[in-house]
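Now for the letters of each chain:
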Amino acid sequence: MSTLQPALMWFRDDLRLRDNSALDWIAQQGPVIAVVIEEDPETTRTRELGAAARWWWQRSVHQLKNSLAAHGVPLLYHSGDPREIIPAIVKKFGVSAVGWSRRYHEPLRELDAEIKQMLHERGVTARSFAGHLLTEPWEVLTQQGKQYQVYTPFAKTARTIAEDNVASYLNDANDQDPSPTSHDELGPIGLAGPGTDFPASSPLPDWNEPDWTHTLAQHWLPGENAGWKVAEEFLDQLAAAARKQAPHYAADRDRLDKQATSRLSPYLRFGEISIHRLWALVTEASDTGRIAGEDASAFLSELLWRDFAWHRLYHLPELHRRNVRQQFDHFDWHWDETEAQRVATTYRDPRCAETTEDLPADDFRRVFSAWRAGQTGIAVVDAGMRELWETGTMHNRVRMVVASFLTKNLGIHWRHGEAWFWDTLVDADPASNPFNWQWAAGCGDDAAPYFRIFNPDSQAKRFDPHYRYIRHWVPEFGTPMYPQPLVDLKESRRQALAAYDEVKN
């Protein structure tokens, strides 16, 4: 029997082996045991994963289990309260150290601190590590020591800190080469198997999945290896753009009819690729002239926007429930408490939604059902909603358009839209999803002013001038089969501006 004390790696939103500071440290403490925990939302007061994100997480965990097995590391699976599960594993296997990557929002920060204190009291070393963000929320502050509430000054300060953090990250790894490293460098860091006191991997559950998720697999392959393949393809795309053989990210990422985006957001959402390594790869490619500087700068700015959202969630833990700008607590959005309770817990195919034909044209259920199903009669909105349902994602430009349309033209509360995105987006995370919805609705930090209302028709003409995106997702567009618009865009805009004036005054 082995007399070595194992060390426990607790994987959360960092489902990778490469460039994982917590895993690197754990591997130095002793033979590694790994665990993933499906935390009970009621016990831990956390928000349950949406259906599409859960689909992604389950497949990523399978990939992680296979990768760990190649290094002799067992992956334990548990569900419940980690305050009970982690100490139980520590006691059962004589674990000497526990490590994890940080979480940045309440109540999970408080929960992690509680577990760390429990372990320290038992004489077990416990450490948390950065890795989810480019910058820590307490690092990026104004000269007065306060958090930023506007993106532009935040980004100016955060970019310098991010560059220093990436350089430090690579130095700590004794790795000046920004290329993704091989799993082989880890070696046999676990000692699972016969003749040891160490556990075998847990069988993963036969998770139930909604029928609609089979379409997601046609568009996505979750996991660390797949994530780096997508990252390499994106860099190749940027290099081709520098040779004028592909669309430029900076100039064309808003075009709906061009493939200019990165498709990396779900891999960053679940930490399957290191955001530090990704920053280093893009910076190195720009410095060597492989990709255009403006493309690199535009993409890195998007990574900083993601940091900004997480920093705001750090300070505003109720971001998905409460308006950042409190005057909007009195705004007359349409709200349905029954729908709010239902969307978060059940998933319904919008194409098979309840019959609403007999309801008044302005009834909430009828209008919201049409928005979900991509049957509003507004072509680019319908295209985006159908893309979301089919693929689990939506072009970022269209996300802004459909959010503006729901909250301003239809007058429906942003929380209803945020909850639908939470269920249907593979990249929905606790910060970016509510932060961007509040931005679009006009009630959040650094928000687009409420009077800035996206005109869907103008947006389509500008970013899908030949209607290729629209016709792909809405083949009946322009035929008698396509529904009439739910609302008049000009009149609904006028009403929205009048409602804004009331709140402003």
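The coordinates are above.
Residue indices follow the written sequence of each chain, beginning from 1 at its first position. Thresholds applied to this predicted model are a pLDDT of at least 70 for local features of residues and 80 or more for the giving and counting of side-chain atom pairs; totals over whole chains, interfaces and linings are not thresholded and use all residues. Hydrogen atoms and water are omitted, and side-chain values are computed over all heavy atoms in the structure.

Turning to the pairing of strand 4 (residues 97-101), a few remarks are in order. With 5 of its 5 residues buried, strand 4 lies for the most part within the structure. We call a residue buried when its accessible area falls under 20% of the maximum for its residue type, exposed when it is over 50%, and partly exposed in between, using a 1.4 Å probe and counting protein chains only. Comment: elements are numbered from the N terminus, with helices defined as DSSP H or I runs of at least four residues and strands as E runs of at least two. Burial along strand 4 is two-sided: the residues Ala 97, Gly 99 and Ser 101 and Val 98 and Trp 100 are all buried. Pairing between two strands is assigned when DSSP locates at least 2 bridges connecting them. Sheet topology places strand 4 next to strand 5 (residues 125-129); 5 bridges connect them, and they run parallel. Residue pairing across strands places Gly 99 opposite Arg 127, the latter belonging to strand 5. By convention, orient the strands away from the viewer: a clockwise path from the first strand over the helix to the second makes the crossover right-handed. For the segment spanning strand 4, helix 5 (residues 108-121) and strand 5, crossover handedness is right-handed.

Across the 10 residues of helix 17 (residues 432-441), 9 count as buried, placing the element largely inside the fold. The complete set of buried residues in helix 17 reads Ser 432, Asn 433, Pro 434, Phe 435, Trp 437, Gln 438, Trp 439, Ala 440 and Ala 441. Next to the buried residues of helix 17 lie helix 11 (293-315), helix 13 (364-373), helix 15 (396-409) and helix 16 (414-424). The first or second residue beyond helix 17 is Gly 442, which carries a positive phi of 95°. Only heavy atoms enter the contact rule, under which two residues are in contact if any of them lie within 4.5 Å.

The description of two packed helices rests on the angle between their axes and on the distance between the axes. To obtain an axis, a line is fitted to C-alpha atoms, over the contacting stretch when the element is a helix, and the angle between two such axes runs from 0 to 180 degrees between their N-to-C directions. Running from N to C, helix 11 and helix 17 point in directions that differ by 95°, and their axes come no closer than 9 Å. The orientation of helix 11 with respect to helix 17, classified from their angle, is roughly perpendicular. Contacts from Trp 305, Arg 306, Phe 308, Ala 309 and Arg 312 in helix 11 reach Ser 432, Phe 435, Asn 436 and Trp 439 in helix 17. Small angles under 35 degrees read as roughly parallel and large ones over 145 as roughly antiparallel, with 65 to 115 read as roughly perpendicular and the rest as oblique.

Where burial is concerned, most of strand 1 (residues 7-11) is hidden: 5 out of the 5 residues are buried. Of the two faces of strand 1, the one holding Ala 7, Met 9 and Phe 11 and the one holding Leu 8 and Trp 10 are both buried throughout. For strand 1 and strand 2 (residues 32-39), the ladder comprises 5 bridges, and the chain directions are parallel. Within strand 2, the residue paired with Ala 7 across the bridge is Val 32. With 4 bridges connecting them, strand 1 and strand 4 associate as parallel partners. Note on strand 4: the bridge partner recorded for Trp 10 is Trp 100.

Spatially, the 5 strands line up as an open sheet ordered 3-2-1-4-5, and their pairing is parallel. The outermost strands of the open sheet, each flanked by one partner alone, are strand 3 (75-80) and strand 5. Each strand of the sheet is rotated relative to its neighbour by a mean of 25°, with strand direction disregarded. Contacts from helix 1 (residues 21-29) reach strand 1, strand 2, strand 4 and strand 5 within the one sheet, and its direction differs from that of strand 4 by about 170°.

Here the focus is the nonpolar core. Counting 131 residues, the largest nonpolar core has Trp 371 and Phe 421 as its most contacted members. With 12 residues, helix 11 is the single largest residue contributor to this core. The nonpolar core is taken to be a set of buried Ala, Val, Leu, Ile, Met, Phe, Trp, Tyr and Cys residues, with the residues joined through side-chain atoms within 4.5 Å.

Here a pair means two rings of Phe, Tyr or Trp (six-membered ring of Trp) with centres within 6.5 Å. Their orientation is stacked below 30 degrees between planes, edge-to-face above 60, and tilted elsewhere. Tallying each qualifying case throughout the model produces 34 aromatic pairs. On the basis of an interplanar angle of 35° and a centroid distance of 6.3 Å, the ring pair of Tyr 104 and Trp 138 is categorised as tilted. Placement of the pair is Tyr 104 in the loop between strand 4 and helix 5 and Trp 138 in the loop between strand 5 and helix 6 (151-172), with a sequence separation of 34 residues. Of the residues examined, Tyr 104 reaches a relative accessible area of 1% and is grouped as buried. Residue class for Trp 138 comes out partly exposed when judged on its relative accessible area of 43%. These aromatic residues form a ring-pair network of at least three members: Tyr 148, Tyr 151, Phe 154, Trp 305, Phe 308, Phe 435 and Trp 439. The rule is short: NZ of Lys or CZ of Arg within 6 Å of the ring centre and within 35 degrees of the ring normal puts a charge over the ring. The ring centre of Trp 10 lies 4.3 Å from the NZ or CZ of Arg 12, which sits over that ring. One cation-aromatic arrangement involves Arg 47 over Trp 422; the distance from NZ or CZ to the ring centre is 4.0 Å.

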